[in-house]
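Results of the structural survey
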Amino acid sequence: MGVDEGFSKGKQRQSSPGSSDGKFTLRRTIELIYSLISFSHSIKVFSGKWQLIRNKLEELNSGLVAAENCDSGDIPPISDLIPAIMTTIDDCRDLARRCVDLSYSGKLLMQSDLDVLSAKFDHHIKKLSGIYTAGILTQSSAIVVSRPCFGATREDVKFFVKDLLTRMKIGDSYMKMQALVSLNEVMAEDEKYTKILVGIEESINLLINYLDSPETEIQEQAVKALSVIVGFDSCKGVLISSGIIAPLVRILESGSQMGKERAARILQKLTQNSDNSWSVSAHGGVTALLRICSNGGAGGDLMGLACDVLRNLAGVDEIKKFMVEEGCVSTFIKLSRSKDEALQINSIDILQAMASGNESILQLIIKEGGIRALVKILDPKSEFSFKTRETALRAIESLCFRSTANIHILMAYGFLDHLLLLLRKGENSIQELALKVSVRLCSVSEETKKTMGDTGFMPEIVRMLTAKSSEVQEMAAQALSGMVLVSKNRKKFVQEDRNVELLLQLLQPEERNSGNTKFLLSTLSSLSSSNGGRKKILNSRYLKNLEKLAEADVTEAKKIVRKLSTNTFLSIFSGLWYPSSNSLLLYM
């Protein structure tokens, strides 16, 4: 059926005896608009203006379709509006036919007529919206918006999304809520709907406007939709330019729990770009987020999200300074002691991020008891998880190894006892980290190495020389090479019969250039400086490994062999050696 035929039948039915039936007239108006929208796609001229008119037709049509779900009957406002709409549709049909036939008298005149037509549709949409706003139309039942079937065309999907947007614009609170719920459902199931939504002019502005809705449910649904949109990197700039930050901060201050969590989630993604951090700070976001973190009743998820945002904001030095002035250090130290693992980890991470490269903040953290709190987390007797302990240990390594003074503070808090237990009984990841920290401690001072020896580190480090991981083996060898530089530690090491034997056994001539071999030779070199060490080396059945390395011109191995060969200890015990040891004389 052509557009002229459709309109002709529409007029006949409108003037028929059944025209008093408001529902019938409304249905016919909707059908005629559908027909006109379809016909408008065949227009090849003034495409921009016709696209604008088509958008208004779709918006008006959605409003009228929504009215079919209402107890409208023959309510005067609707009955009075339909004839005016029909007149404008008739004018639109006439202009559409003339554009298709190219039968208009002039371009400027036609452009003017199309602008007038567009204004008329605006007027009808505004009137219809006013009827909804006044509450004259009420829902008789839940609005059911028919979702396009699987494999529907892009145009069908776009029409469906526009229909939802129109309901959101002109509907009453219930209609807006139902449209938002439907929108969130389809966006959650298929990202195609999100991509089409953000391509529709004013869609994002409409959702952002609802962030300030006095109705909690509408606000929550709007922020839920925006939390999906922000997942598309290409949309973040549009959200910022559309003014999303200020209403999100207002939700953090006075929204519902769910609304606050979703608002914080959006801010977390937006502030991954430090350029957006300034906008959050300018609208009072830092204060609102810190207030959430200091509020014990805010809930773990929300406080964790707030920490995430603040960690991003702390990347800007000026904002970091403001956070410190607002008392964030004591807040996060307190959170590190909470019973929620995610909060513990978040708070430790943010303390570490804030103190990174900033000595004054680090000293404030120490002064406020932050380092003491981190050390207590390492205590195996505490109820903290291995994951939290690992995070605390990483933070300690990052923060406290910048100066000897900070390490002494650590030692005073009983850090070594906890570190040793993690090295002995921790899970693999935290054992490796504890070993890494031990390596660093071995480079601090002779006193530190002596204390580590007294505490019992050497047996655990020796045990890790045979770990499955080559990286762990090398770290253990490095730590041991540092510890045996202390005379007292050398004596303890040599007293255990198997220790020297193990070192020589682990020497692999085919891996003479490896880091592990380098540190094992360094340890043997230190041991060869004592009588007990030399004796154990010379009596080892694995002495041949050392000799092979010397024969392969490995410098450190040759030095050790010379040291063994030139010592008077050699002649005294010559009768006790294995025959192969006579080759040591070659290196004199």
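Now for a quick tour of the structure. Since the model is a prediction, treat every value here as computed from it, not as a measurement. (Residues numbered from 1 in each chain as written. Predicted model: local features only at pLDDT ≥ 70, side-chain atom pairs only at ≥ 80, totals over all residues. Heavy atoms only, no water.)

**Observations regarding the overall build of the chain**
Stated formally: Numbered from the N terminus, helices here are DSSP runs of H or I no shorter than four residues, and strands are runs of E no shorter than two. Using a 1.4 Å probe on the protein chains alone, a residue whose accessible area is under 20% of its type maximum counts as buried, one over 50% counts as exposed, and one in between counts as partly exposed. Contact between two residues is taken to exist if any of their heavy atoms lie within 4.5 Å; hydrogens are not considered.
Counting secondary structure elements, the chain contains 35 helices and 0 strands. Sorting the 588 residues of the chain into buried and exposed places 51% on the buried side. Pairs at least 24 residues apart make up 72% of the contacts formed inside the chain by residues separated by at least 6 positions.

**Digging into helix α13 (residues 257-270)**
What sets the pattern is the α-helix's 3.6 residues per turn: residues three or four places apart point alike. To keep it simple, the criterion reads: Here a helix's expected span is defined as the number of its residues, less one, multiplied by 1.5 Å.
Here α13 spans 20 Å end to end across 14 residues, near enough to the 20 Å set by a 1.5 Å rise per residue. With 10 of 14 residues buried, α13 is to be regarded as a mostly interior element. Among the residues making up α13, those that are buried are G259, K260, E261, R262, A263, A264, I266, L267, Q268 and L270. Against the buried residues of α13 lie α10 (216-229), α11 (233-241), α12 (245-254), α14 (277-282) and α16 (300-313).

**Let's talk about the nonpolar core**
Rule in force here: Residues enter a nonpolar core if they are buried and are Ala, Val, Leu, Ile, Met, Phe, Trp, Tyr or Cys, with the set joined through side-chain atoms within 4.5 Å.
One finds M323, F332 and L546 to be the most contacted residues of the largest nonpolar core, which totals 147 residues. Looking at which element gives the most residues to this core, the answer is α16, with 8 residues. The contacts of M323, once residues within four sequence positions are left out, are V286, L290, L310, L313, A314, C328, F332, I350 and M354. In this structure, I37, L81, L95 and C99 belong to the second largest nonpolar core, which totals 35 residues.

**Regarding the packing of helix α30 (residues 497-506) against helix α31 (residues 515-527)**
Packed helix pairs are characterised by how far apart their axes lie and by the angle those axes make with each other. The criterion, for reference: With axes taken as lines fitted to C-alpha atoms, and helix axes fitted only over the stretch in contact, angles between N-to-C directions fall between 0 and 180 degrees. An angle counts as roughly parallel when it lies under 35 degrees, as roughly antiparallel when it exceeds 145, as roughly perpendicular when it falls between 65 and 115, and as oblique in every other case. Put simply, a crossing is left-handed when the front helix is turned counterclockwise from the back one by less than a right angle, and right-handed when it is turned clockwise. The nonpolar class holds Ala, Val, Leu, Ile, Met, Phe, Trp, Tyr, Cys and Pro. Asp, Glu, Lys and Arg form the charged class, and all remaining residues, Gly among them, are polar.
Axis separation between α30 and α31 bottoms out at 10 Å; the angle between their running directions is 140°. The orientation of α30 relative to α31 falls into the category oblique. The hand of the α30/α31 crossing is left-handed. Only L520, T523, L524 and L527 of α31 make contact with α30, whose side of the interface consists of V500, L503, L504 and L506. Considering only residue class, the contact of α30 with α31 consists of 7 nonpolar, 1 polar and no charged.

**Thoughts on the environment of R372**
Within the secondary structure, R372 sits in helix α21 (residues 370-378). A relative accessible area of 42% places R372 in the partly exposed class. Residues R372 and I409 lie 37 residues apart in sequence; the distance between their C-alpha atoms is 8.8 Å.

**Considering the side chain of S203**
As a reminder, the rule being used: Counted as a polar contact is a pair of N or O atoms within 3.5 Å, where, for protein atoms, one must be capable of donating a hydrogen and the other of accepting one, and residues adjacent in sequence contribute only when both atoms are in side chains.
Its location among the elements puts S203 in helix α9 (residues 203-209). Residue S203 is classed as buried on the basis of its relative accessible area of 1%. For S203, the side chain forms a polar contact with the main-chain oxygen of L197, separated by 2.7 Å. Here I200 takes part through its backbone oxygen, which lies 2.9 Å from a polar atom of the side chain of S203. Setting aside its immediate chain neighbours within four residues, S203 contacts L165, L197 and V198.

**Looking at the packing of aromatic side chains**
Rules: The rule is short: rings of Phe, Tyr and Trp, with Trp giving its six-membered ring, pair when the centres are within 6.5 Å, and they are stacked under 30 degrees, edge-to-face over 60, tilted in between. Note on criteria: charge over ring means Lys NZ or Arg CZ within 6 Å of the ring centre, with the direction from the centre no more than 35 degrees off the ring normal.
Applying the stated rule across the entire model yields 3 aromatic pairs. Look at Y34 and F159: their rings are 5.8 Å apart centre to centre, the planes differ by 35°, and that puts the pair in the tilted class. Taken together, the positions of Y34 in helix α2 (residues 22-40) and F159 in helix α6 (residues 154-170) put the pair 125 residues apart, joining distant regions of the chain. A residue is classified by how much of its surface remains accessible, and Y34, at 38% relative accessible area, is partly exposed. Relative to Y193, the ring of F160 has its centre 6.1 Å away and its plane inclined at 80°; by these criteria the two rings are edge-to-face. With a gap of 33 residues between them, F160 in helix α6 and Y193 in helix α8 (residues 191-198) connect regions that are remote in the sequence. Taking the relative accessible area as the measure of exposure, Y193 reaches 3% and is therefore buried. Across from the ring centre of F386, 5.6 Å away, lies the NZ or CZ of R389, which sits over that ring.

**Side note on unusual backbone geometry**
The backbone of F46 shows a phi angle near 50°, a positive value even though the residue is not glycine. Checked against the element boundaries, F46 lands in the loop between α2 and α3 (47-67).

**Observations concerning the pattern of salt bridges**
The following threshold applies: When a carboxyl oxygen of Asp or Glu lies within 4 Å of a side-chain nitrogen of Lys or Arg, that pair is called a salt bridge.
Applying the stated criterion across every chain yields a total of 25 salt bridges. R93 is the partner of D90 in a salt bridge, and the nearest nitrogen-oxygen pair spans 2.4 Å. Note that D90 and R93 are positioned in helix α4 (residues 76-101) at a spacing of 3 residues, about one turn of the helix. Between R402 and E359 there is a salt bridge, and its shortest N-O distance comes to 3.8 Å. Here R402, found in the loop between α22 (386-400) and α23 (404-412), pairs with E359, found in helix α20 (residues 359-367); they are 43 residues apart in sequence, far enough to count as distant. With a relative accessible area of 34%, R402 lands in the partly exposed category. Salt bridges here are not isolated pairs; linked through shared partners, they connect D94, R97 and R98.

**Quick look at the layout of surface pockets**
Here is the rule we go by: Both site types are read off a 1 Å grid over the protein atoms alone. A 1.4 Å probe that fits but cannot get out defines a cavity, while an open set with protein on both sides within 12 Å along at least five of seven lines defines a pocket; lining residues have an atom within 4 Å of a point. Grid points are joined across faces, edges and corners, and a volume is the space filled by probe spheres set on the points.
In this structure, the largest pocket spans a volume of roughly 450 Å³. Taken together, 19 residues line the largest pocket, and the ones lying closest to its centre are N55, E59, K169, I200 and E201. Secondary-structure elements contributing two or more residues to the lining of the largest pocket are α3, α5 (107-133), α6 and α9. With 6 residues, the top contributor of residues to the lining of the largest pocket is α3. For the lining of the largest pocket, a count of residues per class yields 5 nonpolar, 5 polar and 9 charged.

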